[in-house]
Amino acid sequence: MAELAAKSAELATDPELPFYVAELASTLMKAFGASDDPVLRDRAFAILDRLIEGGHLDVVANQMAVMVEDAGKLVERKRFAEATALFAKLGEVARILRRALPRREDKEQWIGATEKLARLAAHAEQMQGHADKAVSWLEGEQASLQGDILRLFEIDLDAHLSGAELQDLRKRYDDARTRWTSTVQAKNGDAATVKAAWADLERSVAELEKIPGLERHFSPPDASAARAAAQATGKPLVYLSVTSFSGWAFIVPPDGTITAERLAAPGWEIENRLQAHLNLYGDFSTALQAWETLEAADGFNELRRANHVALAWIGEAESADVARAILETKITPYLDDLEQLSDWLAGMTAPLADAVSKAGFASMLMVPCGPLVLLPLQVAGYRSPLQRRLRRLMTALRLGKAVNRWPWLAARCGLTKPTDALLDKLSIAFSPNASVLLRRNRTKSAPTEAYGLWDNSIAGAEAAVLEISGRHSPFVAEANNHQVPEEVLRRLRSCRRFEYIGHGTAVGGPDGLDRSGLGWEASHVGWRRLSIRSLLTQRLPDLEYAGLTCCDGARANHDLPAEVVMLPSVFLHAGVETVTAHSWTVLSTHAIELTRRFHQRWAANPDADRAELQRQVQIDYRNANIPAIPENTGTHALEIGVVTEEEAMAEISKKGSCKHRDPTQRLSSSHPYCWASVQCWGG
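Residues numbered from 1 in each chain as written. Predicted model: local features only at pLDDT ≥ 70, side-chain atom pairs only at ≥ 80, totals over all residues. Heavy atoms only, no water.

Visitor: Would you explain the environment of Arg493 in this entry?
Guide: Mapped onto the fold, Arg493 is located in the loop between helix H23 (485-492) and strand E7 (497-501). Measuring from C-alpha to C-alpha, the distance between Arg493 and Asp542 comes to 7.2 Å, with 49 residues separating the pair along the chain. Setting aside residues no more than four positions away along its own chain, Arg493 makes contact with Gln538, Arg539, Leu540 and Asp542. Within polar-contact distance, the side chain of Arg493 engages the side chain of Gln538 at 2.6 Å. (Helix = DSSP H or I, 4+ residues; strand = E, 2+ residues; numbered from the N terminus. Contact = heavy atoms within 4.5 Å. Polar contact = N/O pair within 3.5 Å; in protein donor to acceptor, adjacent residues only side chain to side chain.)

Visitor: Looking at this structure, how should I read the packing of helix H3 (residues 38-53) against helix H4 (residues 57-76)?
Guide: In helix packing, the relevant descriptors are the interaxial angle and the interaxial distance, both defined with respect to the helix axes. Remark: H3 packs on H4, axes separated minimally by 9 Å, with the N-to-C direction vectors making an angle of 145°. In terms of crossing hand, the pair formed by H3 and H4 is left-handed. Facing H3, whose interface residues are Leu48, Leu51 and Ile52, H4 presents Leu57, Val60 and Met67. Classifying every residue of the contact of H3 with H4 gives six nonpolar, no polar and no charged. (Axes fitted to C-alpha atoms, helices over the stretch in contact; angles between N-to-C directions. Left-handed = near helix turned anticlockwise from the far one by under 90°. Nonpolar A, V, L, I, M, F, W, Y, C, P; charged D, E, K, R; others polar.)

Visitor: Please clarify how the pairing of strand E2 (residues 247-252) should be interpreted in this entry.
Guide: Looking along a regular strand, one sees the side chains alternate between the two faces of the sheet. The element E2 is extensively covered by neighbouring structure, given that six of its six residues are classed as buried. Burial along E2 is two-sided: Gly247, Ala249 and Ile251 facing one way and Trp248, Phe250 and Val252 facing the other are all buried. Bridge count between strand E1 (residues 237-242) and E2: six bridges; the pairing is antiparallel. What sits directly across from Leu240, in E2, is Ala249. Linking two consecutive strands that pair antiparallel, namely E1 and E2, is a turn of four residues. Inspection of the sheet shows E2 paired to strand E3 (residues 259-262) by four bridges, in the antiparallel sense. If you follow Ile251 over to E3, its bridge partner there is Thr259. Hairpin connection from E2 to E3: six residues lie between these consecutive antiparallel strands, with Gly256 at a positive phi of about 85°. (Buried < 20%, exposed > 50% of the residue type's maximum accessible area, 1.4 Å probe, protein only. Pairing = 2+ DSSP bridges.)

Visitor: Would you explain helix H11 (residues 224-233) in this entry?
Guide: Turn by turn, an α-helix covers 3.6 residues, leaving residues three or four places apart pointing in a common direction. Burial in H11 covers these residues: Ala225, Ala226, Ala229 and Ala230. Along the long axis of H11, the arc covered by the buried residues comes to 130°, so they all point the same way. Facing away from the buried side of H11 by more than 90 degrees, the exposed set consists of Gln231 and Ala232. Positive backbone phi, at 75°, marks Gly234, one or two positions downstream of H11. (Arc of directions from axis to C-beta.)

Visitor: What am I meant to see in the side chain of Ser583 here?
Guide: Note that Ser583 resides in the loop between strand E12 (578-582) and helix H27 (588-604). One polar contact links Ser583 to Gln378, side chain to side chain, over a distance of 2.9 Å. Within the structure, Ser583 has its side chain in polar contact with the side chain of Gln679 (distance 3.2 Å). Every residue in contact with Ser583, bar those within four places of it in the chain, is listed here: Gln378, Asp552, Ala554, Arg555, Ser677 and Gln679.

Visitor: Would you explain the state of the cysteines in this entry?
Guide: Following the criterion strictly, the structure yields zero disulfides and no others. Not engaged in a disulfide, the cysteine Cys551 finds its nearest cysteine sulfur in Cys550; these two sulfurs lie 7.2 Å apart. Exposure remark for Cys551: the relative accessible area of 22% places this residue in the partly exposed category. (Disulfide = S-S within 2.5 Å.)

Visitor: I keep staring at the side chain of Ser431 and nothing clicks. Help me out?
Guide: Looking at where Ser431 falls in the secondary structure, it is placed in the loop between strand E5 (427-430) and helix H21 (434-438). For Ser431, a relative accessible area of 1% puts it in the buried group. Looking at Ser431, its side chain comes within polar contact range of the main-chain oxygen of Asn433, at 2.6 Å. Filtering out sequence-adjacent residues up to four positions away, Ser431 remains in contact with Met366, Val367, Pro368, Val436, Leu437 and Trp681.

Visitor: Looking at this model, I keep getting lost on the pattern of salt bridges. Mind explaining?
Guide: Here the idea is simple: oppositely charged side chains can pair when their charged atoms come close. Applying the stated criterion across every chain, the model contains 21 salt bridges. We note a salt bridge from Lys89 to Glu92, for which the minimum N-O separation is 3.9 Å. Within this pair, Lys89 and its partner Glu92 are both found in helix H5 (residues 80-100), separated by three residues, close to a single helical turn. A salt bridge links Arg324 to Asp321; the nearest nitrogen and oxygen atoms lie 2.9 Å apart. One end of the pair is Arg324 and the other is Asp321, both in helix H15 (residues 320-348) and three residues apart, which spans about a single turn. For Arg324, a relative accessible area of 8% translates into the label buried. Linked through salt bridges whose partners overlap, the residues forming this network are Glu295, Asp321 and Arg324. (Salt bridge = Lys/Arg side-chain N within 4 Å of Asp/Glu carboxyl O.)

Visitor: Would you mind going over the packing of aromatic side chains with me for this structure?
Guide: By convention here, two paired aromatic rings are described through the distance between centres and the angle between planes. The tally for this structure, following the rule as stated, stands at 11 aromatic pairs. Each ring, one from Tyr545 and one from Trp602, has its centre 5.2 Å from the other, and the planes form 65°; the classification is edge-to-face. With Tyr545 in strand E11 (residues 545-549) and Trp602 in helix H27, this pair connects stretches of sequence that are 57 residues apart. Accessibility assignment for this pair places Tyr545 and Trp602 in one class, buried. Judged by centre distance (6.4 Å) and plane angle (15°), the ring pair of Trp584 and Tyr673 falls under stacked. Remark: Tyr673 occurs in helix H30 (residues 672-675) and Trp584 occurs in the loop between E12 and H27; sequence separation between them is 89 residues. Pair check on accessibility: Trp584 and Tyr673 agree, each one buried. Feature note: the residues Tyr281, Phe284, Tyr334, Trp584 and Tyr673 constitute an aromatic cluster, connected by ring pairs. (Phe/Tyr/Trp six-rings, centres within 6.5 Å; stacked < 30°, edge-to-face > 60°.)

Geometry only, nothing functional implied.
Shown next, in the form of structure tokens:
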């Protein structure tokens, strides 16, 4: 039927002919997947070549998702060699689209498809014993994905490249692409003219492929960047990837010998578990916002004026107390799921932890591919809820001495040390790809300034930043909460350490680049904001550390593969060595306390690995079981000069004046919501 439709369109000189022909290519691939006739595959390849030479890239882009899905059927049928050949062809098509498709929003139709293509291709290569080729696919696509999405948002990744000769080359490439595009779009353009313009563009691309840093956008993928990054950092890079068929961890150690470990859960289970977690988080964050609004005397009316989503749950509530009871049923499931997810993740990642430990490493760099960037791997390493409850019960009954006297009682009561899991064995840092790690190019100058930025609405934040900076270096951050974004950027370009305490948001589409970022000092004209777009255009090679103490700072938007435009990766792209950020909506009290403890450890161990320091802080905070701290305790928890003792925290908790504490404010520090939100990026 598809072939008949294409022939009919050709005879009728239908302007939609390219669309019908592209559908025919997709149908031929589907038919090849159901048979073993190579003629079908070759016909599909020939059609794709003709469409590309004819300039119909938008039509090919529209079909990418379908073609990738059809190619995946070969993996499902375990025809891995044939799948590999098909993926290689689609990868070639993706590179052509990448270098030639105009900067317009129809690119969005194939960006997600190419990311899935890489994970399927990596799976097919691994099933044939080619772990190095699997890493080539994953790293190549992760790095190219960065270029694809940022160019979709009209951010030129290579604007920092300089030199008259290079600029001339870039101009020749842009001119060639413009000529080819206009020729294709001209109604009276003949095939020979289109072909000549295409050949001119190919020559320009061949010149660009020779430039370091640009080749990854145009050349077939390879694992050289992964090997170079592992050697430069001295840590193994671990590419974590799942398909509906299986989950794999591909390990690239500094010596370059790539191995693979199958995760202890099938791929479909990992995908489903992640999606269930994300669904709970959506309700959780919405309910928390509504709870906070209800604290105001006019809270209900404010929710109605904003047409808040939570009104679907509480719109008919008779009082604010009834509304809170309803909202609690949306908040607590997520908190419970974090505990359950922690145990599940510990088991799922056990083969990976064992493999890295046996190889003699105490830390690793994780590259989570695709949707796994939203899987909070840092929670893996937590005692079970039953053990936690029993421990609190034993403490309340003052049976600690009895436990010390009869060790068997400790085991019966769940007080024994929990089984070592990922966090207990290894320190983890994250990265969107290896290429971004290789962008870190420290200058010879050594700026010593520390810089703090905070939001006035967070009680005690100013004292916290001043103390962190003051204790960590002889240069104390000045009062700066009234500064404009341009001044903040100027300070960032000249400082060594940056600590931000305030509000952060994940990107939510092309316009989100301007609305998302770091916000401070709300006023009648809105927030002062350092947007993601403004950060993407910066080079900050002297900034060795950026601490982002804000909600959702390390969270991507799951509506598109946005791991390259989340806040930590934006700083890494600018050249920052290490970034710490939080994966979900956090309590400022716990978040700031974790930040203080990290800086105190770093000040005492200035040459220590920062990811390892972060791991130690989180484990200590988890095991300390510090009582819940209300949000509005003023500066009591922040102004002390040493880490707060557990007894002092308990005293602060008793003095809390919050009348209606939401479920997150009733948790002790042993709950993963309090200690596991921090992620370290870049190492």
